[in-house]
Amino acid sequence: MTHVEHELTSQPECWIRAAEQATAHGAALPAAGERVAIVGCGTSFFMAQAVAALREQSGQGETDAFAASEFPGSRAYDRVVALTRSGTTTEVLELLGRLRGSTRTTAITADPRTPVMESADDVVVLDFADERSVVQTRFATTALTLLRAHLGLHSDAVVADARTALRTPLPAGLVDCTQFTFLGRGWTVGLANEAALKMREASLAWTEAYPAMEYRHGPISVTTRGTATWMLGDAPEGLAGQVRETGGQWVDGGLDPLAELVRAQRLAVAVASARGLDPDRPRHLTRSVILSPASH
């Protein structure tokens, strides 16, 4: 079993622990009514997108998501939350440094021995969800679960769906597809982006992601026999039928969307295996992006 396989199968237990700790970390997490920005890089940016949409949908306050390198310095926030598994990502650390003394910051990380511990005003450590793999799975979903529980949106049903996602076979023929598109709505757009990233990282697959209602506005043109379109959450009316009419395979996300992301992680590993790739050693990637001054 690869590191990434071991880590993705441990997610239900990690989610339980994160949900149990949400109250204890409450003071470090955004309070209702605060104007908040959530930042990250790569996978963490896509988790930020999901959390931002969830927080706004739940009426907790205006919430934006940014790649750490694209944070708009002209905007004022009550709190900035940085998601960083390694605690060493250059763009995140530089942003936290610029915000020190002017904006309250919180970092959610997996490693308490890294520079982020001194860079943020508040730190939440989820060390039980740390990973050996380059490709993120359980830390990202555990951080999202912590914030989801903080918003009162986590339940035991989410964990049950994750266990179902781990034990249920993937749809027949899916591994053999040549192109994959993931779709989301609201908070699941971030999850769709992350599912596509997992496929690209682990299996070098041709993969795209879109808000579901945007799929008809061009992307459906690549859909045909041998492609797959996977919906995370509730699909727009009629879209499944339109995809099937093209000859493409439609995957209906019937589980909680976060559990559907677990299924997509499994697909990434399965496609990597079918193509003779090692998902623990993705091409051109490292566990953390640490830039030298000349690289900026």
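Now for a quick tour of the structure. Bear in mind that the values here come from a model prediction, so they are computed numbers and not experimental data.

Conventions adopted
- Residues numbered from 1 in each chain as written.
- Predicted model: local features only at pLDDT ≥ 70, side-chain atom pairs only at ≥ 80, totals over all residues.
- Heavy atoms only, no water.
- Salt bridge = Lys/Arg side-chain N within 4 Å of Asp/Glu carboxyl O.
- Helix = DSSP H or I, 4+ residues; strand = E, 2+ residues; numbered from the N terminus.
- Buried < 20%, exposed > 50% of the residue type's maximum accessible area, 1.4 Å probe, protein only.
- Expected span 1.5 Å × (residues − 1).
- Polar contact = N/O pair within 3.5 Å; in protein donor to acceptor, adjacent residues only side chain to side chain.
- Pairing = 2+ DSSP bridges.
- Axes fitted to C-alpha atoms, helices over the stretch in contact; angles between N-to-C directions.
- Contact = heavy atoms within 4.5 Å.

Per the counting criterion, the structure on display carries 13 salt bridges. As a salt-bridge pair, Asp122 and Arg79 come within 3.2 Å of each other at their nearest N and O atoms. Here Asp122 is found in strand β5 (residues 122-125), whereas its partner Arg79 is found in strand β3 (residues 79-84), with 43 residues between them in sequence. Neither residue differs from the other here; Asp122 and Arg79 are each classed as buried. In this structure, Asp278 engages Arg281 in a salt bridge whose closest nitrogen and oxygen atoms are separated by 2.6 Å. By relative accessible area, which is 64% here, Arg281 ends up exposed. Look at the salt bridges and you will find they share partners, linking Glu34, Arg79, Arg104 and Asp122 into a network.

Here we take up helix α10 (residues 257-274). If you check α10, its first and last C-alpha atoms are 25 Å apart, about what 18 residues at 1.5 Å a residue would give, namely 26 Å. The element α10 is extensively covered by neighbouring structure, given that 15 of its 18 residues are classed as buried. For α10, the capping residue at the N-terminal end is Asp256, with a side-chain oxygen 3.0 Å from the backbone nitrogen of Leu258. Of the residues one or two after α10, Gly276 is the one with positive phi, at around 75°.

Another point: the sheet that holds strand β8 (residues 227-232). Strand order in this open sheet of 4 strands is β7-β6-β8-β9, and the pairing throughout is parallel. Edge positions in the sheet fall to β7 (206-211) and β9 (249-252), since each has one partner strand and no second. Taking each pair of neighbouring strands and ignoring which way they run, the sheet shows an average axis angle of 20°. Where β8 lies against β9, 4 bridges are found, and the strand directions are parallel. Counterpart to Trp230 in the pairing with β9 is Val251. Sitting on the sheet, α10 is in contact with β6 (179-184), β8 and β9, with an inclination near 155° to β8.

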